[in-house]
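Now for the letters of each chain:
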Amino acid sequence: MQFLEATLARLALALAGPNRHALVVAPSERHLPQWTILMGPLVVPAATIGLSFGVLASQAGLSVYAATVMSATSYAGSAQFAAVSLLGSEAGLLVAFTAATLLNLRYIPMGIAIAPWFVGPVWRRIAEAQMIVDESWALAQQSDGSFNRKLMLQIGAAFFVVWVGATAIGASLGPQFGDLERFGLDVVVPVVFLALLTPRLADSKQRTIALLASLLALVTIPYAPPGVPVLVSLLAVVLVGRR
Amino acid sequence: MTQGWWLVLLVGGMTVVFKSFGPVVFGGRQLPAVLSRFSFGVPAAVLAALVTVLTVGGDRSIRFDARAIGVAVAAVMLAWRRPLWLVLLVSAGITALVRWLA
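The structure presented is a predicted model; accordingly, all values stated were derived computationally and were not measured.

Remarks on the nonpolar core
Stage number 1. One finds M70, F81, I132 and F193 of chain A to be the most contacted residues of the largest nonpolar core, which totals 97 residues.
Stage number 2. Ranked by the residues each element gives to this core, the list is headed by helix α2 (residues 33-56) of chain B, at 12 residues.
Stage number 3. When sequence neighbours within four positions are dropped, the list of residues in contact with F81 of chain A reads I49, S52, F53, L56, W163, V189, V192 and F193 of chain A.

This is the structure in structure tokens:
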């Protein structure tokens, strides 16, 4: 659990890049709400990815409404990209759903870690839990290991607005973009996945799993329909886990 | 109903359940260690496989083209901890440029 927490914290710092000093409250910024200071460096990446997702979803055959509803109800970037990418590559509904499910498995331990700070009736806890995303979860963690639930909700809500709004714009513009490859935008999805993967590579076991999974996928690509290499790559978890 | 809408419903429902699971059911308890390790390994494997498939995967073939160059540039920039918006901009630009030159 500590590794996951550290990984997600590093993800937030990596997303912020050279602007990560902004994650620390400067004296001149102390009059601003903490969530605005933390959220600032993450607005552009969130909008870029949301826009890209909208375009991709549109080109995968989803309507503007479907793409926007997906961002609003799922609110889980990597799973959405995986699902839509696989659906667009005609891998099939089951494979797309399975990949998204596997990518979202992390929300279970993340939700458990933050659970003690969720109080009130069940409906309220369910509603508030939807604001858990990698960035809000990582940024809400305090130095003593506790979570600032209010901060998580504020950052999660701000991210939500950017994410859903950018998706709607991207999905609306999607058909006008024509071939995404012309603009090099077909690299956005693998680069986003790479950005999500990079912080995990600091851990040797995760690095071994990632390398082995890549190799398994590479070997499988020529012999299997789209989507199957991703599922075969899960053997890496079993193989490394047994060591 | 189209496959797209089915996907929206299924992924949305699944995500709501996964995100709610901890706050609703577990309270302060942690997952068993074995399950935690498995959960942590799965995203790394799936993400690595997706990067590979989406970078060099063709129609049942492996292809190294402008997209692979763009992703390679992105990998270097991410290692240098450049901000994601810049990584996306540069990698997309380089991919488009290589494609145009080709």
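Picking up after the structure, the text goes on.
Some remarks on unusual backbone geometry
Most peptide bonds take the trans configuration, and most residues that are not glycine carry a negative phi.
Stage number 1. Although it is not a glycine, Y75 of chain A sits at a positive phi angle of roughly 50°.
Stage number 2. The topology assignment puts Y75 of chain A in the loop between α4 (64-73) and α5 (77-88).
Stage number 3. Under the relative-accessibility criterion, Y75 of chain A is labelled buried at 3%.
Stage number 4. At R81 of chain B, a position not held by glycine, the phi torsion is positive, near 60°.
Stage number 5. Mapped onto the elements of the fold, R81 of chain B is located in the loop between α3 (66-79) and α4 (84-101).
Stage number 6. Assessed through its relative accessible area of 31%, R81 of chain B is described here as partly exposed.

Considerations on the pattern of salt bridges
Pairing between side chains becomes possible if they bear opposite charge and their charged atoms approach one another.
Stage number 1. A complete count under the given rule lists three salt bridges over all chains for this structure.
Stage number 2. For E128 of chain A, the salt bridge is made with R149 of chain A, and the minimal N-O distance between the two is 2.9 Å. Of the two residues, E128 of chain A is situated in helix α8 (residues 122-129) and R149 of chain A in helix α10 (residues 149-177); the sequence distance between them amounts to 21 residues.
Stage number 3. The closest approach of N and O atoms between R63 of chain B and D65 of chain B, which form a salt bridge, is 3.5 Å.
Stage number 4. The exposure class assigned to D65 of chain B is partly exposed, which follows from its relative accessible area of 26%.
Stage number 5. Overlapping salt bridges bring together R124, E128 and R149 of chain A as one network.

A few points about the packing of α5 of chain A against helix α6 (residues 93-104) of chain A
All names here are of chain A.
Stage number 1. Relative orientation of the contacting elements α5 and α6 amounts to 165°, with a least axis distance of 8 Å. On the basis of their axis angle, the class for α5 and α6 is roughly antiparallel. In this structure, the crossing between α5 and α6 has a hand that is right-handed. Each of S78, A79, A82, A83, L86 and L87 in α5 lies in contact with α6, whose residues at this interface are L93, V95, A96, A99, A100, L103 and N104.
Stage number 2. When its residues are assigned to classes, the contact of α5 with α6 shows 11 nonpolar, two polar and no charged.

Quick notes on the rules
Residues numbered from 1 in each chain as written. Chains lettered and ligands numbered in written order. Predicted model: local features only at pLDDT ≥ 70, side-chain atom pairs only at ≥ 80, totals over all residues. Heavy atoms only, no water. Core = buried A, V, L, I, M, F, W, Y, C linked by side-chain atoms within 4.5 Å. Buried < 20%, exposed > 50% of the residue type's maximum accessible area, 1.4 Å probe, protein only. Helix = DSSP H or I, 4+ residues; strand = E, 2+ residues; numbered from the N terminus. Contact = heavy atoms within 4.5 Å. Salt bridge = Lys/Arg side-chain N within 4 Å of Asp/Glu carboxyl O. Axes fitted to C-alpha atoms, helices over the stretch in contact; angles between N-to-C directions. Parallel < 35°, antiparallel > 145°, perpendicular 65-115°, else oblique. Left-handed = near helix turned anticlockwise from the far one by under 90°. Nonpolar A, V, L, I, M, F, W, Y, C, P; charged D, E, K, R; others polar.

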